[in-house]
Structures are given as structure tokens and as C-alpha cells.
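Spelled out from the first residue to the last, the chains are:
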Amino acid sequence: MKKILSIVIPAYNMEKFLPYCLDSLLVKQRLESVEVLVVNDGSIDRTSAIAHEYEGRLPEVIRVIDKENGNYGSCVNRGLREATGKYIKILDADDSFDTGNFELFISFLSGVDADLIVSDFDIVDENRALRKSIRYDLPTGLHSLEEMCAFPTFMEMQMHGVAYRREMLLQLGYVQAEGISYTDHQWISTPMISVNTVSYFDKPVYKYLVGREGQTMNPEVKARSISHMAKCALSMCRDYERLKGRVADFLRPYLYGKMLYMIKDVYVFCFLHYSPKLKTFLCEFDTDLKNTSMEMYMQASGGKESGRNYINYWRKHTGVNVSVVKALSKCYMKMIALKNSIHVF
């Protein structure tokens, strides 16, 4: 049967969470129109065995792809290459779907033809208790991307709320950065350049788990992976430079926001934990950013109102004593955090 939706599940050492994830997809109706690709990223626990157990029970729906470890982006790329569905959506193995709404979502997809499908999502804790609901409150029906970009909620898009027309991604030649974490930000940035039409499903489908130990958004993990964030930011900028001739003016603020979110995090972390080692790292990142995209290099120090003028000040005074920069940075960034709600590590 022709598949309406391919769900790609990147999975590395997810034996604790994968059964719950897969069970959430087992709807009563229309499951035969769904394709679930579990991409086992070289796990050393029972992730692969668990996935194959489900594959044995539902071979027409679930397929396991075992591969060597290459991190998140490599799983997305492999899944995109092997998927067959009209639409494609990413589901992290520690997350899940709202089973009832997922069934409605499948029916919804069968009746629409858009480049991008937006849906609401919920944030849950390790007990699967609801912590926050994300509602985009967009107009239903088929709309242009330009219309959707007029809504502030759309500008705050996260990967949990998107599904793309797979053929659009293939025509774009989309490839996600491999060997690093945090590339989910790339998933909601680069593909938007090819989006023309959008449909909104006004119910939460995705359940995003927060708070587990080892999660990439955990501040301690982010601190260990700052180089990953820098590489992802540069990869997003390279995509932008390669495709900027196709970027409509109305989309530019959206793309700037996604790229600057990653770029800003690199500078903020390095400023707040300034050391000789981080000074060298940040100088190299700053140079790489300038060489990759002068446009985003200038945007990074985008003026007093954004609070990023401090980046420009640092660029002019990189020889300042490390302890002085660190002390001033803490004071300055805390002030900006209070003013603009910037997350302080």
C-alpha cells in the first residue's frame, strides 16, 4: 500500500524509551498507510533487538535500519534516502506521539497537499505528565508560506511541529550535518527555503520529553558539546549561503532567527565561561563564521537593541584579560537575559 507518512526514528542506546515510543504509533485505523523507519545508530544496548521485535510483529509498517554510529544527522539522512511516504516526520526515540491525535493526523494528511504540515505538540516530563502545551494557533486550510510567516507563533517553529513533503526535500538536495548533535535546528531552517504551501493540523501530535539525564538540551551536556553547536551553526550558514538566491524577503527574518539562535548560544556560553581555551575556540569560530557568511557574521553583532553589540565589542578587544572578560560577561549577559529572556548557562 502506498504510504502517506514516513516516520524516521533516530535511535542510539534507547532501550529504555523505544518501546513506549513505538507503542504510541500503533493506532487502530490507517496504520497500513504509515511507514516507521527505526534507524539504529550503532547502539550497544538492546535498541536494535527491541526494534526488530516490533518489525517482526508489523513488517508492513516498521522497518529497522542498522548502521554504524554517525550521530543524529546521519540517521535523518539515511531515513530520508530510504523513506517512501508522501510526507516525512522525525520522531526522537525518547519522545512519543499522542496516539489518538496521531490517528486523526494520518487522516488529515490523506486529504491535503502541501509542502509543510504544521501541528501542535506537548512537552512532557519523564513520568509523561504534561508540562506545557505548544499551540501555534495558525489558520487552517491551505496557505502560502508568506501568509504563515506573518504569525509570530510560526516564527518560533520547532522540529516537533513539522512534517515535510518528502519529494520537496529530495529536490532541494537536503542533507543534514553528520557527526554532531543539535542538527534538529537545521531541520527547521534549510528546508523552509523550498516551502511554498503550508497546512496546519490544530491538535498536538508530538510529545516532547524533557528532563532526562544525558539529553542534548541539558545545560551540562550542552557545555560538553559546544563544538557541536558551533559546527551546526556553521552548517546552517553554509546552507543559507548556497541557497540564498532562492530566499524570499519575507522568509529572511525566520531564517535569521534560526541561525542566530545557534550562533548566539556559542558566543554566550564562551563569554560566560571564558578561559584561554575557550578564547581560542571562540576566535576560531568567529573567523569561520566570517569566512562562511559575512551576512550572518554582521547579523551576529546586530546592534544595541538585540544585545549582541557585546559580540562586536569583544571582536575589537580580544586581547583583554581573560578574567576581566569573564567577569564583565557574566554581568552583561545576566542583564541581557533579564531584558530579553536569553537562556543563561
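Residues numbered from 1 in each chain as written. Predicted model: local features only at pLDDT ≥ 70, side-chain atom pairs only at ≥ 80, totals over all residues. Heavy atoms only, no water.

Turning our eyes to something else, we now look at the overall build of the protein. Looking only at helices and strands, the protein has 15 helices and 10 strands in total. Relative to its full complement of 345 residues, the protein shows a buried share of 55%. For the protein, long-range pairs separated by at least 24 residues make up 78% of all intrachain contacts whose partners lie at least 6 apart in sequence. A total accessible area of about 15,100 Å² is found for the protein, and carbon and sulfur atoms account for 51% of it. (Helix = DSSP H or I, 4+ residues; strand = E, 2+ residues; numbered from the N terminus. Buried < 20%, exposed > 50% of the residue type's maximum accessible area, 1.4 Å probe, protein only. Contact = heavy atoms within 4.5 Å. Areas by Shrake-Rupley, 256 points an atom, 1.4 Å probe, with all protein chains shown as cover.)

In this fold, L5 is placed in strand β1 (residues 5-11). In the structure, L5 is positioned 84 residues away from K89 in sequence and 7.5 Å away in space, judged by C-alpha atoms.

What follows deals with the nonpolar core. Ranked by internal contacts, the top residues of the largest apolar core, which has 117 residues, are I9, F102, F154, W187 and I263. Per-element accounting of this core gives the leading share, 12 residues, to helix α11 (residues 252-272). Excluding its chain neighbours within four sequence positions, the residues that come into contact with F102 are L5, I7, S24, L25, V27, V34, F97 and V205. (Core = buried A, V, L, I, M, F, W, Y, C linked by side-chain atoms within 4.5 Å.)

Each pair of packed helices gets described by two things: the angle between the helix axes and the distance between those axes. Where helix α10 (residues 226-243) meets α11, the axes come as close as 9 Å, and the angle between the chain directions of the two elements is 155°. In terms of axis orientation, α10 runs roughly antiparallel to α11. Note that α10 runs across α11; the crossing there is left-handed. For the pair α10 and α11, the contacting residues are I226, M229, A230, C232, A233, M236, C237 and Y240 in the first and R252, L255, Y256, K258, M259, M262, I263, D265, V266 and F269 in the second. (Axes fitted to C-alpha atoms, helices over the stretch in contact; angles between N-to-C directions. Parallel < 35°, antiparallel > 145°, perpendicular 65-115°, else oblique. Left-handed = near helix turned anticlockwise from the far one by under 90°.)

This model, assessed by the stated rule, comprises 15 salt bridges. Across the salt bridge formed by D41 and K67, the nearest N and O atoms sit 2.6 Å from each other. Of the two residues, D41 sits in strand β2 (residues 34-41) while K67 sits in strand β3 (residues 62-67), which places them 26 residues apart along the sequence. The pair D41 / K67 is uniform in exposure class, with both members buried. Here K244 makes a salt bridge to E295, at a shortest N to O gap of 2.6 Å. Of this pair, K244 sits in the loop between α10 and α11 while E295 sits in helix α13 (residues 294-300), placing them 51 residues apart in sequence. By relative accessible area, which is 21% here, E295 ends up partly exposed. (Salt bridge = Lys/Arg side-chain N within 4 Å of Asp/Glu carboxyl O.)

A few words now on the packing of aromatic side chains. Going through the model one piece at a time under the given rule, you end up with 13 aromatic pairs. Aromatic rings pair up to connect Y267, F271, F285 and W314 into one cluster. Directly above the aromatic system of F201 lies the positively charged group of K203, at a separation of 5.8 Å from the ring centroid. (Phe/Tyr/Trp six-rings, centres within 6.5 Å; stacked < 30°, edge-to-face > 60°. Lys NZ or Arg CZ within 6 Å of the ring centre and 35° of its normal.)

Moving on, we get to the side chain of S48. Note on placement: S48 falls in helix α2 (residues 47-57). When residues no more than four places from it in sequence are discounted, the contact partners of S48 are N40 and D66.

Moving on, we get to the pairing of strand β10 (residues 197-209). Pairing geometry for strand β5 (residues 96-97) and β10, over 2 bridges, is antiparallel. Directly across from S96, in β10, lies its bridge partner K207. As paired elements, strand β6 (residues 116-124) and β10 share 9 bridges and run parallel to each other. Paired with F121 across the two strands is Y206, which belongs to β10. (Pairing = 2+ DSSP bridges.)

Across the 7 residues of β1, 7 count as buried, placing the element largely inside the fold. Alternating residues of β1 divide into L5, I7, I9 and A11 and S6, V8 and P10, and every residue in both groups is buried. Here 7 bridges tie β1 to β2, and the two strands are oriented parallel to one another. When the sheet's bridge partners are listed, P10 is paired in β2 with V39. For the segment spanning β1, helix α1 (residues 18-23) and β2, crossover handedness is right-handed. Sheet topology note: the β1/strand β4 (residues 87-90) ladder contains 4 bridges and is parallel. When the bridges of β4 are listed, V8 appears paired with I90. (Right-handed = clockwise from strand over helix to strand, strands pointing away.)

Under the defined criterion, the tally for this structure stands at 0 disulfides. For the unlinked cysteine C237, the closest cysteine sulfur is that of C232, found at 9.5 Å. Residue classification places C237 among the buried residues on the basis of a relative accessible area of 0%. Here C270 is not disulfide-linked; the sulfur of C283 is the nearest cysteine sulfur, at 9.6 Å. (Disulfide = S-S within 2.5 Å.)

Here we take up the environment of L278. Secondary-structure assignment places L278 in helix α12 (residues 276-292). The class for L278 is buried, based on a relative accessible area of 13%. Excluding anything up to four places from it in sequence, L278 contacts F269, C270 and H273.

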